[in-house]
Amino acid sequence: MTHPHVLDQLPLWVEGDLTAPELEAVERHLAACPACREAADQLRQSQAWLREALASPFGAEDRARLRASVMARLAAPPPAPRRFLVPSALLAAAAVLVVAVLTWNRPQGKPAPLPTAGTGPEFTSRATAGATDIPAPAPPLPPRVRLARAAHAQAQLQVRQRPDGTALPRREPARLEFQTADPTIRIIWLAQATPLPDPNPTLEETP
Amino acid sequence: MCPATEAVLMEGELSSLPDAPVSGPDQAIRRLRAGDREAFADLMGLTEARVLALAWRILGDRHLAEDAAQETYLRAFRSLDHFRLGEPFEAWLIRIAVNVCRDLSRKRGQQPVALASLDGLEAGATAPGAEEAVLLDQRRALVRQALATLPQGERVALVLRDLEGLTSEEAARILGLRPATVRSQVASARAKVQAHCARRLAAPKGGRP
């Protein structure tokens, strides 16, 4: 019959990983217990098999090939730095955008007027009132939304002033407005790295 | 009786790190830093057998081990400026090699253990003259299979401690673990390898459950 408290220590005993008192206790037990001694012998045998099975398969030829390969990699010129692709991509995107805007504007001829208060049908009726009293039918929508560039309007809210009337030296956001064929839809594009100005500035905000 | 002294020493390359001469690598590194790039070939000549064997034992695949060894030396070359002369070069290199092997294992993922090589273990129908050679091959395949089934941490600890001949403290420094943790991992791995062999081989009787 084997003894679990000794069997648990055998994997450390087999390679000399026990402390001196532990080693002495285990060996004293093994001398008196044939079952545990057999288990210890089997463990030593499997350790010997482990070393036998994992003897290195590499020879001088393999080592020479490795050395030659590494030295060739080190002698090779460093790879060319990767081309910075972002500017090219940006340029291409900008070109596509310009072409798209020009193409969109061309068939339209005259940009659609900016809408005032009112809905689409009312706007159409006013625009054609001078020509005839019969309201012209609304123009059919093209397959894509026609955009007309509106004036580069500087909103009044963007002009911020000090209490003494002098303008604040503040960089305004880039503003681009498009009027779609549907007069009720207007696209306003603002771009600024810093937060947009408050549309209702107060005196507390000014220095 | 000291079991460690009775262990089968397989190769001269398994000399422990403190016994390994440190002047050789240091001299080569000085030449390298002076601009002699060929000194790196000398540095490799001192260590490449050990790096190849270590990678093969951890990864279990010959071609993958060669890739790992190559990557180990390329990383070592790029990091050589950070190596401090006087420190054990092989321990520094082994740390790099272990990291490379871990990276490759992670990329490769968990591979199933090849069982094909073990199919004839219990057959016993071999010619009398070739029986011993066949049994040897089968035993090697069995032990490699046992090693392949270990968790990676236990496997690396076992390779460093029992096959590379490092002490538990040296292995712990390389792995960034406590020596007690390494001892625990190694003990678990040894018991598993023995149990695996005992289950598959008919020769040993009894043994640990």
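The shown structure was predicted, so the numbers you read here are calculated from the model rather than taken from an experiment.

**Student:** Explain the overall build of chain B to me, and be specific about the residues and the numbers.
**Tutor:** In terms of regular secondary structure, chain B is built from nine helices and zero strands. The helix and strand sequence of chain B, counted from the amino end, reads α-α-α-α-α-α-α-α-α. By sequence separation, contacts in chain B at least 24 residues apart represent 69% of the contacts at least 6 residues apart. Carbon and sulfur atoms make up 52% of the accessible area of chain B, which amounts to about 10,400 Å² in all.

**Student:** Tell me what's going on with the nonpolar core, and back it up with residues and numbers.
**Tutor:** Counting 64 residues, the largest nonpolar core has B:Phe40, B:Val98 and B:Leu160 as the members making the most contacts within it. If one sorts the elements of this core by residue count, helix α3 (residues 39-59) of chain B sits on top with twelve residues. Those residues within four positions of B:Val98 in sequence are excluded, and the remaining contacts are B:Leu54, B:Ile58, B:Val156, B:Leu160, B:Ile174 and B:Leu175. Core analysis: the next-biggest nonpolar cluster, separate from the first, contains 15 residues, A:Trp13, A:Val26, A:Leu30 and A:Ala40 among them.

**Student:** Explain the pattern of salt bridges residue by residue, including any values.
**Tutor:** It is possible for side chains bearing opposite charge to pair when their charged atoms get close. One pass over the structure, following the stated rule, counts 23 salt bridges over all chains. Across the salt bridge formed by B:Glu48 and A:Arg67, the nearest N and O atoms sit 2.4 Å from each other. Here the residue B:Glu48 occupies a position in helix α3, and A:Arg67 occupies one in helix α5 (residues 60-75), the pair thus bridging two chains. The buried category is assigned to B:Glu48, whose relative accessible area is 1%. Of the residues examined, A:Arg67 reaches a relative accessible area of 29% and is grouped as partly exposed. The salt bridge involving B:Asp103 is made with B:Arg75; its shortest N-O contact spans 3.0 Å.

**Student:** Give a description of the interface of chain A and chain B that names residues and reports values.
**Tutor:** Contacts between the two partners involve 37 residues from chain A and, on the opposite side, 52 residues from chain B. Both faces considered, chain A and chain B share a buried interface measuring about 4,500 Å² in area, 64% of it formed by carbon and sulfur atoms. For the pair chain A and chain B, the number of links is six salt bridges. Elements supplying a minimum of two residues to the side of chain A that touches chain B: α2 (10-13), α4 (34-53) and α5 of chain A. Across the side of chain A that touches chain B, the residue classes break down as 19 nonpolar, five polar and 13 charged.

**Student:** Could you give an account of the packing of aromatic side chains, with specific residues and numbers?
**Tutor:** Think of a pair of aromatic rings as described by two things: how far the centres are apart, and how the planes are tilted against each other in angle. Residues and elements named next belong to chain B. Counted under the stated rule, the structure contains five aromatic pairs over all chains. Ring geometry for Phe 83 against Phe 89: centres 5.5 Å apart, planes inclined by 90°, an arrangement best described as edge-to-face. In this structure, Phe 83 and Phe 89 share a single accessibility class: buried. Aromatic pair Phe 83 and Trp 92: ring centres 5.2 Å apart, planes at 50°, arrangement tilted. An aromatic cluster of at least three residues, connected via ring pairs, comprises Phe 40, Tyr 73 and Phe 77.

**Student:** Tell me what's going on with helix α4 (residues 62-79) of chain B, and back it up with residues and numbers.
**Tutor:** For α4(B), spanning 18 residues, the distance from its first C-alpha to its last is 26 Å, which sits close to the expected 26 Å at 1.5 Å a residue. The set of residues buried in α4(B) consists of B:Leu64, B:Ala65, B:Glu66, B:Ala68, B:Ala69, B:Gln70, B:Thr72, B:Tyr73, B:Leu74 and B:Ala76. Packing partners of the buried residues in α4(B) comprise α5 of chain A together with α3 and α5 (89-108) of chain B. Measuring from the side-chain oxygen of the N-cap residue of α4(B) to the backbone nitrogen of B:His63 gives 3.1 Å; that N-cap residue is B:Asp61.

**Student:** I'd like a description of the confidence of the model for chain A, backed by residues and values.
**Tutor:** All names here are of chain A. Taken residue by residue, chain A gives an average pLDDT of 72. The fraction at 70 or more is 54%. Across chain A, the element-wise mean pLDDT spans from 43 in helix α7 (residues 120-127) up to 95 in α2. Low pLDDT, under 50, characterises residues 117-132; the stretch is placed with twelve contacts to residues that sit more than four places away or in other chains. The model gives residues 145-158 a pLDDT under 50, and that stretch makes 39 contacts with residues more than four places away or in other chains.

**Student:** Tell me about the packing of α5(B) against helix α7 (residues 152-163) of chain B, and please be specific about residues and values.
**Tutor:** All names here are of chain B. One way to put it is that α5 packs onto α7 with a least axis distance of 12 Å and a crossing angle of 150°. Judged by the angle between their axes, α5 and α7 are roughly antiparallel. α5 and α7 meet at a crossing whose hand is right-handed. Taken together, the residues of α7 that come into contact with α5 (itself represented by Ile 94, Val 98, Cys 101, Arg 102 and Ser 105) are Gln 152, Val 156 and Leu 160. Across the contact of α5 with α7, the residue classes tally to five nonpolar, two polar and one charged.

**Student:** So what's going on with the packing of α7(B) against helix α9 (residues 179-200) of chain B? Which residues, and what values?
**Tutor:** All names here are of chain B. The N-to-C vectors of α7 and α9 enclose an angle of 95°; their axes lie 8 Å apart at closest approach. Considering the angle they form, α7 stands roughly perpendicular to α9. Residues Gly 153, Glu 154, Ala 157, Leu 158, Arg 161 and Asp 162 of α7 touch α9, and the partners they reach there are Val 182, Gln 185, Val 186, Ser 188, Ala 189, Arg 190, Lys 192 and Val 193. When grouped by side-chain class, the residues that make up the contact of α7 with α9 number six nonpolar, three polar and five charged.

**Student:** Could you give an account of the pairing of strand β2 (residues 174-180) of chain A, naming the residues involved and the relevant values?
**Tutor:** Every regular strand shows the same layout, with side chains that alternate between the two sheet faces. Residues and elements named next belong to chain A. With five of seven residues buried, β2 is to be regarded as a mostly interior element. Taken together, the six bridges between β2 and strand β3 (residues 186-191) define a ladder with antiparallel strand orientation. Bridge pairing in β3 places Gln 179 opposite Arg 186.

Here is what the cut-offs are and how they apply
- Residues numbered from 1 in each chain as written.
- Chains lettered and ligands numbered in written order.
- Predicted model: local features only at pLDDT ≥ 70, side-chain atom pairs only at ≥ 80, totals over all residues.
- Heavy atoms only, no water.
- Helix = DSSP H or I, 4+ residues; strand = E, 2+ residues; numbered from the N terminus.
- Contact = heavy atoms within 4.5 Å.
- Areas by Shrake-Rupley, 256 points an atom, 1.4 Å probe, with all protein chains shown as cover.
- Core = buried A, V, L, I, M, F, W, Y, C linked by side-chain atoms within 4.5 Å.
- Buried < 20%, exposed > 50% of the residue type's maximum accessible area, 1.4 Å probe, protein only.
- Salt bridge = Lys/Arg side-chain N within 4 Å of Asp/Glu carboxyl O.
- Buried area = accessible area lost by both parts, 1.4 Å probe.
- Nonpolar A, V, L, I, M, F, W, Y, C, P; charged D, E, K, R; others polar.
- Phe/Tyr/Trp six-rings, centres within 6.5 Å; stacked < 30°, edge-to-face > 60°.
- Expected span 1.5 Å × (residues − 1).
- Polar contact = N/O pair within 3.5 Å; in protein donor to acceptor, adjacent residues only side chain to side chain.
- pLDDT = per-residue confidence, 0-100.
- Axes fitted to C-alpha atoms, helices over the stretch in contact; angles between N-to-C directions.
- Parallel < 35°, antiparallel > 145°, perpendicular 65-115°, else oblique.
- Left-handed = near helix turned anticlockwise from the far one by under 90°.
- Pairing = 2+ DSSP bridges.

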